[in-house]
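Architecture at a glance
The residues making up each chain are set out below.
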Amino acid sequence: MSGKLLAASFFALAWVVFGGGPTFGNLLFGGLLGLAVALLVPSPGRRSAGSEFRLLPALRLLLRFPLDIWLSGWRVAKLVLSPAMPVRPALLELPLRLEGEGRIALLANMITLTPGTLTVDVLGEADKRLLIHALDAPDVEAAKAEIRDGFERMILDAWGRGGPSP
C-alpha cells in the first residue's frame with residue numbers, strides 16, 4: 001500500500017505544480033486525483049519485472065519537463081523571429097526502448113507538448129517506433145539522440161522498460 005501512497009503523492013504534486021499553485025483546492029483535488037490514479041494502477045505483484053515506480057527519477061522528469069518546454073519555446077521563437085528564418089524541418093523515425101502503451105503515450109505526448117516537435121504516429125507492432133516531425137533538425141541523428149537520452153531515458157528511469165501492464 002505504501003507504493004500506492006507514493007504514487008498518489010507524485011500525481012498530487014504534479015497536479016499542484018501544473019495546476020496553478022499550492023491552493024487548498026488544488027491540493028485537495030490533486031490528492032483525490034492522485035489517489036484515484038494510484039488505485040487504478042495494478043499492484044506491484046501484477047507488474048512485469050522492471051516496471052516499478054521510482055520517485056526520485058519521476059521527480060527529475062517532473063522538474064525537467066517544464067524547463068525543456070521553456071527552452072524549446074525559446075529556440076522556436078528565435079527561429080521564427082529571425083529575418084532569414086533558417087528552418088530545416090525533418091521527419092524522424094525513433095526506435096523505442098520503452099514498452100507498454102502508457103509509457104509510449106507519455107513519451108509521445110511529452111514530445112508533442114514540446115514546442116518545435118510533434119509526434120505524428122506510432123509505427124510497428126512488435127518493434128515500436130515513433131514518427132516525429134521536428135521544425136528544425138539539421139542533424140537528424142542528434143535530434144533523435146536528444147529525445148532518446150532525454151525524455152525516453154527519464155521515463156525508463158522512473159517507470160522501467162515496461163511490459164504488458166502500464
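Residues numbered from 1 in each chain as written. Predicted model: local features only at pLDDT ≥ 70, side-chain atom pairs only at ≥ 80, totals over all residues. Heavy atoms only, no water.

**Thoughts on helix H3 (residues 55-81)**
Applicable threshold: Secondary structure elements follow DSSP: runs of H or I of four or more residues count as helices, runs of E of two or more count as strands, with numbering from the N terminus. Any helix carries an expected span of 1.5 Å times its number of residues minus one. In this scheme, a residue with accessible area under 20% of its type's maximum is buried, one over 50% is exposed, and one in between is partly exposed, where area comes from a 1.4 Å probe on protein chains only.
Over its 27 residues, H3 extends 39 Å from the first C-alpha to the last, a length consistent with the 39 Å expected when each residue adds 1.5 Å. Every buried residue of H3 is listed here: Pro57, Ala58, Leu61, Leu62, Phe65, Asp68, Ser72 and Leu79.

**Some points on the side chain of threonine 114**
Heads up, the condition is: Note on contacts: a residue pair qualifies if any of its non-hydrogen atoms lie within 4.5 Å across the two residues.
You can see threonine 114 is positioned in the loop between helix H4 (101-113) and strand E2 (117-123). For threonine 114, a relative accessible area of 7% gives the class buried. Contacts of threonine 114, omitting those with residues within four sequence positions, involve Phe65, Asp68, Ile69, Ser72 and Phe151.

**A look at the sheet that holds strand E1 (residues 90-95)**
Cut-off, in case you're wondering: When DSSP locates at least two bridges between a pair of strands, those strands are taken to pair. In this analysis an axis means a line fitted to C-alpha atoms, helices contributing only their contacting stretch, and an angle means the value between N-to-C directions, from 0 to 180 degrees.
Spatially, 3 strands are ordered E1-E3-E2 in an open sheet, and the strand pairing comes out antiparallel. Of all strands in the sheet, those bounded by a partner on one side alone are E1 and E2. Taken over all neighbouring pairs, the strand axes of this sheet differ in orientation by 25° on average, direction set aside. Both E2 and strand E3 (residues 129-134) contribute to a ladder of 6 bridges, which runs antiparallel. Opposite leucine 118, over in E3, you have histidine 133 as the bridge partner. Of the strands in this sheet, E2 and E3 touch H4, which is tilted by about 150° from E2. The strands that helix H5 (residues 140-159) touches are E1 and E3; relative to E1, the one it contacts most, it runs at about 45°.

**Notes on the packing of H4 against H5**
Convention followed: We call a crossing left-handed when the near helix sits turned anticlockwise from the far one by less than a right angle, and right-handed when that turn is clockwise. Ten residue types, Ala, Val, Leu, Ile, Met, Phe, Trp, Tyr, Cys and Pro, are classed as nonpolar, four, Asp, Glu, Lys and Arg, as charged, and the remainder, Gly among them, as polar.
Viewed as axis vectors pointing N to C, H4 and H5 meet at an angle of 145°, and their least axial separation amounts to 11 Å. Our pair here, H4 against H5, has a crossing hand that is right-handed. In this structure, H4 contributes Arg103, Leu106, Leu107, Met110 and Ile111 to the contact, and H5 contributes Ile147, Phe151, Glu152, Ile155 and Trp159. Here the residues of the contact of H4 with H5 sort into 8 nonpolar, no polar and 2 charged.

**Considering the packing of H3 against H5**
What counts, and what does not: Small angles under 35 degrees read as roughly parallel and large ones over 145 as roughly antiparallel, with 65 to 115 read as roughly perpendicular and the rest as oblique.
Look at H3 against H5: their axes get within 9 Å of each other, and the N-to-C directions meet at 160°. The angle between H3 and H5 falls in the class roughly antiparallel. Crossing hand, H3 versus H5: left-handed. In contact with Pro57, Ala58, Arg60, Leu61, Arg64, Phe65, Asp68 and Arg75 of H3, H5 contributes Glu146, Phe151, Met154, Ile155, Asp157, Ala158 and Trp159. Here the residues of the contact of H3 with H5 are counted per class, giving 9 nonpolar, no polar and 6 charged.

**Details of the layout of surface pockets**
Condition: Buriedness of a pocket was judged along seven lines, with at least five required to meet protein on both sides within 12 Å; pockets are open sets of points on a 1 Å grid over the protein atoms alone, cavities are sets where a 1.4 Å probe fits but cannot get out, and lining residues have an atom within 4 Å of a point. Grid points are joined across faces, edges and corners, and a volume is the space filled by probe spheres set on the points.
Space inside the second largest pocket adds up to approximately 590 Å³. Around the second largest pocket, the lining is made up of 26 residues, and of these Ser72, Arg75, Thr117, Asp136 and Glu146 lie nearest the centre. Elements that contribute at least two residues to the lining of the second largest pocket include exactly H3 and H5. Looking at the lining of the second largest pocket, its residues break down into 14 nonpolar, 5 polar and 7 charged.

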